[in-house]
Amino acid sequence: MTGSILFEAIVFLAGAIICVSIAKRLGLSSVIGYLLAGVLIGPYVFGFIGTEGEDIMHFAEFGVVVMLFLIGLEIEPKNFWNMRKTIVGMGGIQVGGTMLLSYILFTVLGFEWKVGLVISMAVALSSTAIAMQTIKEKGLMETTFGSSSFSILLFQDIIVIFMLGFIPLLSNTDASASAENVSDHTNLLDGLPLGLQTLSIILSVVVIIVAGRYLIVPMLRKVAKTGVRELLIAAAFLIVFGISLLMEFVGLSPALGAFLGGVVLSNSEFKHELESTLEPFKNLMLGLFFMAVGASINFIVIANSPLEIGGILVAIIILKGIVLYITGHIFKLKLDQKLLLTCSLAQIGEFAFVLLSFAFGLNILEQEQMDMMLVITALSMSLTPIIGIINERFILPRTGTKESLKRPMDHIAKTQKIILVGFGHFGSTIGRFLRSHGVEATILDHDSNRVDFLRKMGFEVYYGDATRLDLLESAGIAEAKIVICATNKISVSKAIGKIIKEKYPHVEFMIRTKNRYDAYELLNLGNENIYRESLETSLTLAKDVLSKMGFRKYTLNRQVQNFIKYDEDSLRRLSQEPKDEKNYIFKAKKELEQQEKFLNEDFKRGIVEYDNHWDSEHIRKVLNKTKKG
Amino acid sequence: MKKILILFSHPKFEKSRANTILVDHVKNKEGVTFHDLYEKYPDFHINVKAEKELLEQHDVIIWHHPFYWYSCPPLMKQWIDMVLEFGWAYGPNTNALESKTCLNVITTGGSKELYCSQGSNSFTVNQFLRPFEQTANLCGMTYFPPFAVMGTHNLDDEDLINHAKQYSDLIDLLQQDYTLGDFNGCAFLNDIPELNNA
């Protein structure tokens, strides 16, 4: 077909849009949609895309890098450190167990030991892209299944470095002969002795950590100050590209580096801003990656030996599943969590493409063997969502335990999410009080100086414009119970209110307002929880004045409560009255009129009804009257 | 001289003629701490630590309150609930309040005749005050009979002033370590001979 970039772009985009929306309508994961699109546009169905599929794959792998950067952003160094045992333990058991079983399998099938070893390495790795995408889509990251999957995948990301270093040792040919085939993987450090290589790897990790703290964050602050939004997108990509390049330089996996960079930045105030900036790109690139996987399924190879391929495919999925189930069992996961883990990581991952073609380049694998394994890899990835559906619809309902019922009590603070917009004097008081009750609100503020200062004081504050849907979404509005708007800018509260009404009507919206005038406006837009910043403070002052004059405090307290109720009622009553066209020139005059209206009402109704309880004079009067009567 | 603590509870003091007159006669006496609970804790947020310290500094505790619905006002009940803690006021090995004296000073709208088995209130004031008596007992305090100004709806200012003077005299007696064994069989401190000799 035509090699025009425009044409290819149109094919990919159209394929994605059509197939993903069909998959979504059928209630399936978007991954299936992308894979199907890849198969359709690939060389064996419509043939829009030929061998360029593999080049696209290289580009699309960048989606995985961005994804790991984003995952890193969500994991703070503290949590990462807490997870170290699960990462090494679960990951080690999974990789070791799978390698052992698949090595036995391929030896039994009559493969040479070197080939068997390389293939078993590839088989041990699962697909971060598919597994994490599905976990995130279902919102299961917080579950033990989610964190176990993540730990295992992370361990695989680390172990793959050693695998890539180990494979050349299996090569029969000397290094110079294979150089042309492995040019992709040569790097700066190849000539160096092993000690220096290790040193530079450690050094580059240190570079990422130090640069994250002292270079990237200050840069982001400068960028934020300019207020030019697209600069932030540019900065985000600069970070990810920079880390990837550095990692490739020293021969580490770019995904691992990106993950580290993400962890370093997860403590910064730009966490949510970076997330919301990269999220759409990530999804699209991952989509591209899945399509490339779909397109790379070589149907001719399948047609040549369908039974062999089908048999090995099933055997691999089963043996991976068994190892995962045992791993889950050793780490005491509940039955449903074990099943989820088993089903979601039982595929061969994208690293297999890298490992296999690397080994092929070193002449360890033959063309046939590589083609077969690539097909099996692509097929196993395509099968994952289907296995997941079978587990979810047919197996899990029978095992009796349900995800939602299993959440322990201490997760309440986590599941009942609060978003606090605006962290000035008003918002910070709210934040402090919530925090004193163990409720950590997600705080958004657009003043990067203040954000910086407050973060130094130990608050979790993020920089960004809260009226943007994507920022609210990455702050977690979808799972939020309450959004608090603690700024008195009516434009902000109106914009957020609109987003909530249209997209997240289940979220409670609680708003600070400057005055009665703004309160009218918000009331008329259907907002219920409105807090006028001046009402209670001014009444407290008035109460103290009256107390100093000799009025009793308890009585004043009750009167203040009565007054607030009365004032709220009349506010709501007056807001329903038809209003003239708003004219800002007359706004001041109108406010005076409003005040007059209120004062008149105060007199007409008698500001507060007097309590009769405990009033012995009143009782005495009534008693005397009845005596006389 | 014994130190006297008057814990005064009245949600609508400004409207009470009887209690205004009573309080005026005692609140500024030497050695008397007049503690106005509704003014101190209008939001019912009692400072338990401060209240305990106050109790420790005094020998005689007076619960001064109007008698409404046969009991005390809610803030005073709140005070009892919060301040008289287990492990401090009562319970094993506690003696914070031991050997202190405690009594109720009350005002009632209805007259004494209504508070008996034949009257419309069916029970005597002393019977209604049993929970307070037992509270004091449990805390190891000596509970005295109440000082009660009754039938306030029918009393004029002059009557009330006389009651108030008697209240003041009672405080004087209590300051001199008043330890009457049997109160001469009086159900009310108002009736003891020491306050009726003049």
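Predicted model, so just to flag it, every value in this text is computed and none were measured.

Asker: Talk me through the overall build of chain A; I want residue IDs and the actual numbers.
Answerer: Across its full length, chain A carries 28 helices and six strands. Scored against the burial criterion, the 629 residues of chain A give a buried share of 48%. For chain A, contacts bridging at least 24 residues in sequence account for 77% of all contacts bridging at least 6. Surface summary for chain A: the accessible area is close to 31700 Å², and the carbon and sulfur share equals 64%.

Asker: So what about the overall build of chain B? Which residues, and what values?
Answerer: For chain B, the helix and strand inventory stands at seven helices and six strands. The secondary structure elements of chain B, listed N-terminal to C-terminal, are β-α-β-α-α-β-α-β-α-α-β-β-α. Within the span of chain B, comprising 198 residues, buried residues form 52% of the whole. Intrachain contacts of chain B at a sequence separation of at least 6 include 75% that bridge at least 24 residues. When the accessible surface of chain B is split by element, carbon and sulfur atoms take 48% of a total near 9100 Å².

Asker: Summarise a negative patch on the surface; cite the residues concerned and give the values.
Answerer: Residue and element names in this part refer to chain A. Together, E112, E308, E366 and E368 make up a negatively charged patch on the protein surface. If you trace the backbone, E308 turns up in helix 15 (residues 306–330). You can call E308 partly exposed: its relative accessible area is 42%.

Asker: Describe the interface of chain B and chain A, listing the residues and the values that go with them.
Answerer: With 22 residues of chain B at the contact, the number on the chain A side is 18 residues. Summed over both partners, the interface of chain B with chain A buries about 2000 Å², with 52% contributed by carbon and sulfur atoms. Where chain B packs against chain A, one counts two salt bridges. Among the salt bridges present, the one from R552(A) reaches D36(B), with a minimum N-O distance of 2.3 Å. Taken together, the connections running from chain B to chain A amount to four residue pairs in polar contact (both at pLDDT 80 or more). Residues of the side of chain B that touches chain A, tallied by class, amount to 10 nonpolar, five polar and seven charged.

Asker: Describe the pairing of strand 1 (residues 417–421) of chain A, listing the residues and the values that go with them.
Answerer: Residue and element names in this part refer to chain A. With five of its five residues buried, strand 1 lies for the most part within the structure. Of the two faces of strand 1, the one holding K417, I419 and V421 and the one holding I418 and L420 are both buried throughout. Of the pairings in the sheet, the one linking strand 1 to strand 4 (residues 480–485) comprises five bridges and is parallel in character. Paired with K417 across the bridge in strand 4 is A480.

Asker: Mind laying out the nonpolar core, listing which residues take part and the relevant values?
Answerer: Residues and elements named next belong to chain A. If you look at the biggest cluster of nonpolar residues, it comprises 136 residues, and the most contacted ones within it are F69, I167, L274, F290, M373 and I376. Counting residues domain by domain, this core receives three or more from each of domain 1 (5–396) and domain 2 (411–533). The residues touching L274, leaving out its near neighbours within four places in the chain, are F69, L70, L73, L220, A236, I239 and L265.

Asker: Talk me through the state of the cysteines; I want residue IDs and the actual numbers.
Answerer: Each disulfide consists of one covalent bond between the sulfur atoms belonging to two cysteines. Residues and elements named next belong to chain B. Under the definition given, this model contains zero disulfides over all chains. Not part of a disulfide, C102 finds its nearest cysteine sulfur in C139, a span of 8.3 Å. The exposure class assigned to C102 is buried, which follows from its relative accessible area of 0%.

Asker: Which residues make up the sheet that holds strand 4 of chain A, and what are the values?
Answerer: All names here are of chain A. Taken in spatial order, the six strands line up as 3-2-1-4-5-6 in an open sheet, and their pairing is parallel. If you trace the sheet from one side to the other, it starts and ends with strand 3 (461–463) and strand 6 (529–532), each paired once. For this sheet the average axis-to-axis angle between neighbouring strands, irrespective of direction, equals 20 degrees. Pairing geometry for strand 4 and strand 5 (residues 508–513), over four bridges, is parallel. By the bridge assignment for strand 5, C485 is matched with I511. In the packing of helix 20 (residues 425–435) onto the sheet, contacts are made with strand 1, strand 4 and strand 5, and the angle to strand 1 comes to roughly 155 degrees.

Asker: Describe the environment of N126(B), and please don't skip the residues or the numbers.
Answerer: Residue and element names in this part refer to chain B. With respect to the element layout, N126 can be found in helix 5 (residues 125–128). Considering only alpha carbons, one finds N126 and A187, 61 residues apart in sequence, at a separation of 7.2 Å. Apart from the residues within four sequence positions on either side, N126 is in contact with P146, A187 and F188. In terms of polar contacts, N126 uses its side chain to reach the backbone carbonyl oxygen of A187, at 2.9 Å.

Asker: Help me get a handle on a nonpolar patch on the surface, residues and values and all.
Answerer: Residue and element names in this part refer to chain A. Side chains of I93, L100, L101, I104, V108, V314, I318, I322, I326 and I330 sit close together on the surface and give an oily, nonpolar patch of about 880 Å² of accessible area. Broken down by secondary-structure element, the contributors of at least two residues to the nonpolar patch are helix 5 (84–108) and helix 15. Turning to its location among the elements, I104 is positioned in helix 5.

Asker: Provide a residue-level description of the pattern of salt bridges, including the pertinent values.
Answerer: All names here are of chain A. Summed over all chains, the structure comprises 21 salt bridges over all chains. E521 serves as the salt-bridge partner of K494, at 2.7 Å between the closest nitrogen and oxygen. One end of the pair, K494, is in helix 23 (residues 490–503); the other, E521, is in helix 24 (residues 516–524), and 27 residues separate them in sequence. What you see here is one network of salt bridges that share partners, running through R516, E528, R532, D567, E568 and R572.

Asker: Requested: an account of the side chain of H65(B), with residues and values cited.
Answerer: All names here are of chain B. With respect to the helices and strands, H65 occurs in strand 3 (residues 60–66). Reaching out from H65, the side chain makes a polar contact with the side chain of N104 at a distance of 3.1 Å. Sequence-distant contacts of H65, defined by excluding residues within four places in its chain, comprise S9, S71, C72, P73, M76, N104, V105, I106 and T107.

Asker: So, helix 17 (residues 351–361) of chain A: which residues are in play, and what are the values?
Answerer: Every α-helix winds through 3.6 residues per turn, so residues three or four apart in the chain are directed the same way. Residue and element names in this part refer to chain A. Of all 11 residues in helix 17, nine are buried; the element is thus mostly enclosed. Taken residue by residue, helix 17 has F351, A352, F353, V354, L355, L356, F358, A359 and G361 as its buried positions. Just downstream of helix 17, N363 is the residue with a positive phi angle, here 65 degrees.

Asker: Account for the confidence of the model for chain B, naming residues and giving values.
Answerer: In the predicted model, chain B carries a mean pLDDT of 92, and the fraction of residues at 70 or more is 97%. Across the predicted assembly, pTM comes out at 0.53 and ipTM at 0.83.

Asker: Summarise the packing of helix 24 of chain A against helix 26 (residues 553–575) of chain A; cite the residues concerned and give the values.
Answerer: Residue and element names in this part refer to chain A. Their axes nearest at 10 Å, the elements helix 24 and helix 26 cross at an angle of 60 degrees. It follows from the interaxial angle that helix 24 and helix 26 lie oblique. Viewed along their axes, helix 24 and helix 26 form a crossing whose handedness is right-handed. In this structure, helix 24 uses R516, A519, Y520, L523 and N524 to contact helix 26, whose residues at the interface are D567, L571, R572, L574 and S575. Considered class by class, the residues forming the contact of helix 24 with helix 26 number five nonpolar, two polar and three charged.

Asker: Residues and numbers for the pairing of strand 2 (residues 442–445) of chain A, please.
Answerer: Residues and elements named next belong to chain A. Side chains T442 and L444 of strand 2 all project onto a buried face; the interleaved residues I443 and D445 project onto the opposite face, where all are buried too. With three bridges connecting them, strand 1 and strand 2 associate as parallel partners. In the sheet register, L420 faces strand 2, and the bridge partner there is I443. In this view, the connection linking strand 1 to its parallel neighbour strand 2 by way of helix 20 has right-handed handedness. Pairing analysis gives three bridges linking strand 2 to strand 3, with the strands arranged parallel.

Parameters and conventions
- Residues numbered from 1 in each chain as written.
- Chains lettered and ligands numbered in written order.
- Predicted model: local features only at pLDDT ≥ 70, side-chain atom pairs only at ≥ 80, totals over all residues.
- Heavy atoms only, no water.
- Helix = DSSP H or I, 4+ residues; strand = E, 2+ residues; numbered from the N terminus.
- Buried < 20%, exposed > 50% of the residue type's maximum accessible area, 1.4 Å probe, protein only.
- Contact = heavy atoms within 4.5 Å.
- Areas by Shrake-Rupley, 256 points an atom, 1.4 Å probe, with all protein chains shown as cover.
- Patch = residues over 30% accessible without salt bridge, like charges linked within 9 Å, V, L, I, M, F, W, Y side chains within 5 Å.
- Salt bridge = Lys/Arg side-chain N within 4 Å of Asp/Glu carboxyl O.
- Lys, Arg positive; Asp, Glu negative; His and termini not counted.
- Charge placed at Lys NZ, Arg CZ, Asp CG, Glu CD.
- Buried area = accessible area lost by both parts, 1.4 Å probe.
- Polar contact = N/O pair within 3.5 Å; in protein donor to acceptor, adjacent residues only side chain to side chain.
- Nonpolar A, V, L, I, M, F, W, Y, C, P; charged D, E, K, R; others polar.
- Pairing = 2+ DSSP bridges.
- Core = buried A, V, L, I, M, F, W, Y, C linked by side-chain atoms within 4.5 Å.
- Domains from an automatic or database assignment.
- Disulfide = S-S within 2.5 Å.
- Axes fitted to C-alpha atoms, helices over the stretch in contact; angles between N-to-C directions.
- pLDDT = per-residue confidence, 0-100.
- Parallel < 35°, antiparallel > 145°, perpendicular 65-115°, else oblique.
- Left-handed = near helix turned anticlockwise from the far one by under 90°.
- Right-handed = clockwise from strand over helix to strand, strands pointing away.

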